[in-house]
Amino acid sequence: MTDADVTGAKPARETSRTVSNGAVELYVAEYVGEQRHETPVLLIHGWPDSGILWDRQVPALVEAGFRVIVPDQRGFGRSDRPAEVEEYVIARPVQDMVAVLDACDAPSAHVVGHDWGATVAWSLAINHPERVRTLAALSVPHPLVPFTVRQAEMFWYQLFYQFEGVAEATIQADDWAWLRWFTRNHGDLDRAISDLSRPGALTASLNWARANLAPRMPGPAPELPPVKVPTMGVWSTGDHHLDGDRMAQSGDFVGAPWRHEVIADASHWIPLDAPDQLNELLLDWLLSNSETQA
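Residues numbered from 1 in each chain as written. Predicted model: local features only at pLDDT ≥ 70, side-chain atom pairs only at ≥ 80, totals over all residues. Heavy atoms only, no water.

Novice: Looking at this structure, I do not really get the overall build of the protein. What am I missing?
Specialist: Of the regular secondary structure elements, the protein holds 11 helices and eight strands. Over its C-alpha trace the protein gives a radius of gyration of 18 Å, about what one expects of a compact globule, namely 19 Å for 294 residues. By the burial criterion, 56% of the 294 residues in the protein qualify as buried. Considering only residue pairs separated by 6 or more positions, the protein has 75% of its internal contacts joining residues 24 or more positions apart. Just so you have it, the protein exposes about 12,300 Å², and 51% of that area is on carbon and sulfur atoms. Separation of charge centres in the protein, based on 22 positive and 40 negative side chains, amounts to 3 Å. (Helix = DSSP H or I, 4+ residues; strand = E, 2+ residues; numbered from the N terminus. Rg over C-alpha atoms; globule rule 2.2 N^0.38 Å. Buried < 20%, exposed > 50% of the residue type's maximum accessible area, 1.4 Å probe, protein only. Contact = heavy atoms within 4.5 Å. Areas by Shrake-Rupley, 256 points an atom, 1.4 Å probe, with all protein chains shown as cover. Lys, Arg positive; Asp, Glu negative; His and termini not counted. Charge placed at Lys NZ, Arg CZ, Asp CG, Glu CD.)

This is the structure in structure tokens:
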């Protein structure tokens, strides 16, 4: 990112650090320009991405006066890639984000998550509401929204991911042909493939699904408190992986102001495919829920 990316504002200053959560070290980038808001924005990416996913959002947020915190989640990008499946149970990346906020001296943040990052963001808001000023969940609904038949049909690939070794070999075969076919409109796929080509990276990324979505014996749904922070859910009509009806129903699990937005024609990868529309939504949402620094 260059200074010219933040037009008309104090040039963004980018710094990076390594944040430890136990034995896992996370790469975290921070961006600050002319900071005018006390609460920073935490951007949490999903699969198969890294913090680079948000490169089209960071300049707009910095120009609006926000400090922006962008981690690479465990298993992705420049962060550590633990080999054990249990290291990706969702509570652990949630604690990663708590560690990131602590290291960045951020008592709370406006949290924005996409894909697995949205799952982490929902859980962070549920379990650590004091650390979340507002929540914006992109693509992925609240974890207690009931499955639809349509979602079950769309989620076939999560079962495929459970076949360790077979999934990795299939995804990489013939110059990553499966991934190119599956992601359809991913706007930065060559970069994602470069990341996933690192030793252990593809398996680490699939371990998120193996830790959290592997078939299990039936049982009661977990009891979770309602989300107690203002929440915006965003879905895109070109998403071939997640059923938008479930995002619309997420407001039933939010005991705070709820806003539901749909971006027409964008693929699942909203930050890449519809950056202008997303930036407009995020800025309207954040500015209406922000305090200006004295």
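Novice: Is there a simple way to think about the packing of aromatic side chains in this case?
Specialist: Working definition: an aromatic ring pair is given by the centre-to-centre distance plus the angle between the planes. As enumerated under the stated definition, the model contains 18 aromatic pairs in all. With a centroid separation of 5.2 Å and 35 degrees between ring planes, the pair formed by F160 and W178 is classed as tilted. With a gap of 18 residues between them, F160 in helix α5 (residues 156-160) and W178 in helix α6 (residues 166-183) connect regions that are remote in the sequence. Neither F160 nor W178 differs from the other in exposure class; each is buried. (Phe/Tyr/Trp six-rings, centres within 6.5 Å; stacked < 30°, edge-to-face > 60°.)

Novice: Looking at this structure, how should I read the pairing of strand β1 (residues 13-21)?
Specialist: Looking down a regular strand, the side chains alternate between one sheet face and the other. Of the strand pairs in this sheet, β1 and strand β2 (residues 24-32) are connected by nine bridges, and their pairing is antiparallel. When the bridges of β2 are listed, N21 appears paired with V24. The antiparallel hairpin formed by β1 and β2 contains two residues in its connecting segment, where G22 sits at a positive phi of about 65 degrees. (Pairing = 2+ DSSP bridges.)

Novice: What is the right way to read unusual backbone geometry from this model?
Specialist: Among all residues save glycine, negative phi is the norm, and among peptide bonds the norm is trans. The omega angle of the peptide bond from W47 to P48 is 0 degrees, so this bond is cis rather than trans. In this fold, P48 is placed in the loop between β3 (41-44) and α1 (58-63). The backbone of D175 sits at a positive phi, close to 60 degrees, despite the residue not being glycine. Position of D175 among the secondary structure elements: in helix α6. The exposure class of D175 is exposed, given its relative accessible area of 54%. Despite not being glycine, W176 shows a phi value in the positive range, around 60 degrees. Relative to the assigned elements, W176 resides in helix α6. When its relative accessible area of 7% is taken as the criterion, W176 is described as buried.

Novice: Help me understand the nonpolar core, please; the structure alone is not making it clear to me.
Specialist: For soluble globular proteins, the rule of thumb is that nonpolar side chains tend to be buried together. Counting 60 residues, the largest nonpolar core has L42, V100, Y161, I171 and L179 as its most contacted members. Looking at which element gives the most residues to this core, the answer is helix α3 (residues 116-127), with eight residues. By size, the runner-up hydrophobic cluster in this structure holds 31 residues, among which are V41, A64, F66 and W269. (Core = buried A, V, L, I, M, F, W, Y, C linked by side-chain atoms within 4.5 Å.)

Novice: What's the story with the packing of α6 against helix α7 (residues 189-196) in this structure? I'm lost.
Specialist: Relative orientation of the contacting elements α6 and α7 amounts to 140 degrees, with a least axis distance of 11 Å. As far as their axial angle goes, α7 and α6 are oblique. Read as a crossing pair, α6 and α7 show a hand that is right-handed. Side by side, α6 and α7 meet where W176, L179, R180 and T183 of the first sit next to L189, D190, I193 and L196 of the second. For the contact of α6 with α7, the residue count by class is five nonpolar, one polar and two charged. (Axes fitted to C-alpha atoms, helices over the stretch in contact; angles between N-to-C directions. Parallel < 35°, antiparallel > 145°, perpendicular 65-115°, else oblique. Left-handed = near helix turned anticlockwise from the far one by under 90°. Nonpolar A, V, L, I, M, F, W, Y, C, P; charged D, E, K, R; others polar.)

Novice: What should I look at first to understand the sheet that holds β2 in this one?
Specialist: Strand pairing within a sheet occurs via backbone hydrogen bonds; the two strands may be parallel or antiparallel. If you trace the eight strands from one edge of the open sheet to the other, you get β1-β2-β4-β3-β5-β6-β7-β8, paired in mixed fashion. With one partner strand each, in any of the chains shown, β1 and β8 (258-267) form the two edges of the open sheet. Across the sheet, the mean angle from the axis of one strand to that of its neighbour is 20 degrees, orientation sign disregarded.

Novice: Before we go on, may I ask you to explain the confidence of the model for the protein in this structure?
Specialist: Interpretation of the predicted coordinates at a detailed level should be avoided for regions scoring low in pLDDT. Per-residue confidence for the protein gives a mean pLDDT of 94, with 95% of residues at or over 70. Confidence drops under a pLDDT of 50 for residues 1-9, and excluding neighbours within four residues, the segment shows 14 contacts in the predicted structure. (pLDDT = per-residue confidence, 0-100.)

Novice: Help me understand empty space enclosed by the protein, please; the structure alone is not making it clear to me.
Specialist: The probe, sized like a water molecule, is rolled over the atoms to show the empty space still left. The full count for this structure, using the stated rule, is two cavities of 30 Å³ or more. Within this model, the largest cavity holds a volume of roughly 50 Å³. Per-class residue counts for the lining of the largest cavity are four nonpolar, two polar and three charged. Volume-wise, the second largest cavity comes out at about 30 Å³. Along the walls of the second largest cavity sit T183, R184, N185, G238, D239, H240, H241, S267, H268 and W269, which together make up its complete lining. Among the residues forming the lining of the second largest cavity, the class breakdown is one nonpolar, seven polar and two charged. (1 Å grid on protein atoms, 1.4 Å probe; cavity = no way out; pocket = protein on both sides within 12 Å on 5 of 7 lines; lining within 4 Å. Points joined across faces, edges and corners; volume = space filled by probe spheres on them.)

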